[in-house]
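What the coordinates show
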Amino acid sequence: MNKRIIFIVAFIAILLVFGAQKLIANKKAVEAKLYIHDTSAAILVETSKPAQHTFDHAMSFLGTFDAIRQNTIGSEGAGRIVSLAVHEGDHISAGQLIARIDNEQTQLQIQAAQLNIQQLRNDYNRMLTLKQENAVSSMEVEKLSLALNTAEVQLKQLQKQLRNSSITAPFSGVITKKLIDIGSMVMPGTPVVEVTDISSLKLTISVPERDVLKFKTGQEVSVTADVYGNKNFQGTISSIGVQADAAHNFKIQVTVKNNASDKLMAGMYGSATLSNTASITALAIPRKALIGSSKDPKVYINKGGKAKLVSFNAGTSDGEYIEVISGISLTDQVITKGQVNIESNSNVKTTN
């Protein structure tokens, strides 16, 4: 019996050893086939140095489209949400119901207040009759009149409380965030939804001190959106900043009316073009080198085989080149191709 047990244990041990060897062999085979990217390997990029470029006649300034209005709608009442009439992405009109707060208790209080007022009015009318007969004093009449006025004020407060139980849209737009759900408890000021109005949009551009006086409020300019290529939209200068930033750039807002056929959206990149201006020659880089938002333009620069992300102050643009006001020097090697594969401090090598 003992020999049989020893034989079984030995057999199981041999199977386990064999299985372990097989797993190790399979693992080595898989690892041999698996490609592991060498993060230290240099990435191939193209670079160019900033150069003087002439911007002819029309000047274009980069910017980002923002919604004409975007507000978080809060509750004016307190209680439990019993109905919710909208979802994220819904288009709503001004005055449309968004949500409703439980108002059963308020309605009962209004009914009680109305009955109380009716009773006080009847008593007041009888009191006036008695006053004419000198059966009651003027003080008693005044006291009852004051009680009636107080009850009417309380009724108005309850009626306002009832109106506040309905949360409505203050303007037309799209529900971009839903911040509550049915059953949520809200207080006055509790955020309910975010409404965004893109019937018109504001293109905010940054204009150097050199060019700011060329813009006037109400002036019409041509606007393009990157997603629509060279298609022009009509824009109107709606505001001009009176305070420059640290780089002596002024913020100018251009209002553009939206349309259904070529719809603009908040967050898109765009440009405003000012025509009939004198040409200028300035330091420039290819626009394709631009990284990120035009509000905070950045480029990658090759510094000794390392990619460095650098911010700079941008000026005018003609679609192909963008003016460099400061932040980039003539000797910098600006990466113009291959940026999608790199990040700051990546190893890079150039083809040129």
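Refer to the structure above for everything that follows.
About the thresholds
- Residues numbered from 1 in each chain as written.
- Predicted model: local features only at pLDDT ≥ 70, side-chain atom pairs only at ≥ 80, totals over all residues.
- Heavy atoms only, no water.
- Helix = DSSP H or I, 4+ residues; strand = E, 2+ residues; numbered from the N terminus.
- Buried < 20%, exposed > 50% of the residue type's maximum accessible area, 1.4 Å probe, protein only.
- Contact = heavy atoms within 4.5 Å.
- Areas by Shrake-Rupley, 256 points an atom, 1.4 Å probe, with all protein chains shown as cover.
- Phe/Tyr/Trp six-rings, centres within 6.5 Å; stacked < 30°, edge-to-face > 60°.
- 1 Å grid on protein atoms, 1.4 Å probe; cavity = no way out; pocket = protein on both sides within 12 Å on 5 of 7 lines; lining within 4 Å.
- Points joined across faces, edges and corners; volume = space filled by probe spheres on them.
- Nonpolar A, V, L, I, M, F, W, Y, C, P; charged D, E, K, R; others polar.
- Salt bridge = Lys/Arg side-chain N within 4 Å of Asp/Glu carboxyl O.

**Here we look at the overall build of the chain**
Across its full length, the chain holds three helices and 21 strands. Residues counted as buried form 35% of the 352 residues belonging to the chain. The contacts of the chain with a sequence gap of at least 6 include a subset with a gap of at least 24, amounting to 74%. Carbon together with sulfur atoms contributes 55% to the accessible area of the chain, which is approximately 21000 Å² in total.

**Some words on the packing of aromatic side chains**
The full count for this structure, using the stated rule, is two aromatic pairs. Ring geometry for phenylalanine 61 against phenylalanine 215: centres 5.6 Å apart, planes inclined by 65 degrees, an arrangement best described as edge-to-face. Pair noted here: phenylalanine 61 is in strand E3 (residues 59-74) and phenylalanine 215 is in the loop between strand E10 (191-208) and strand E11 (220-225), with a separation of 154 residues, a long-range link. Each member of the pair, phenylalanine 61 together with phenylalanine 215, is buried.

**Description of the side chain of threonine 224**
With respect to the helices, strands and loops of the structure, threonine 224 is situated in strand E11. Beyond its immediate sequence surroundings of up to four residues, threonine 224 is in contact with Phe65, Gly229, Asn230, Lys231, Asn232, Phe233, Gly270 and Ser271.

**What about the layout of surface pockets?**
Space inside the largest pocket adds up to approximately 260 Å³. Ser60, Thr224, Asn230, Asp318 and Gly319 are, among the 16 residues lining the largest pocket, the residues nearest its centre. Listed by contribution, the elements that provide at least two residues to the lining of the largest pocket are E11 and strand E14 (269-274). Here the residues of the lining of the largest pocket are counted per class, giving three nonpolar, nine polar and four charged.

**Side note on the environment of valine 141**
For valine 141, the position within the fold is in helix H3 (residues 138-164). Taking the C-alpha atoms as reference, valine 141 lies 9.4 Å from leucine 130; in sequence the two are eleven residues apart. In this view, valine 141 contacts Tyr124, Met127, Leu128, Lys131 and Val136; residues no more than four positions away in its chain are not counted.

**Observations concerning the pattern of salt bridges**
In the structure shown here, the tally under the stated rule is ten salt bridges. Of the charged contacts in the structure, one is a salt bridge between arginine 121 and glutamate 152, with a shortest N-O distance of 3.1 Å. Pair noted here: arginine 121 is in helix H2 (residues 104-132) and glutamate 152 is in helix H3, with a separation of 31 residues, a long-range link. Classification of glutamate 152 as partly exposed rests on a relative accessible area of 25%. Two residues, glutamate 323 and arginine 210, come together in a salt bridge whose shortest N-O distance is 2.8 Å. Residue glutamate 323 is found in strand E19 (residues 321-326), and its partner arginine 210 is found in the loop between E10 and E11; the two are separated by 113 residues along the sequence. For arginine 210, a relative accessible area of 42% gives the class partly exposed. A network of salt bridges, in which partner residues are shared, links Arg210, Asp211, Lys214 and Glu323.

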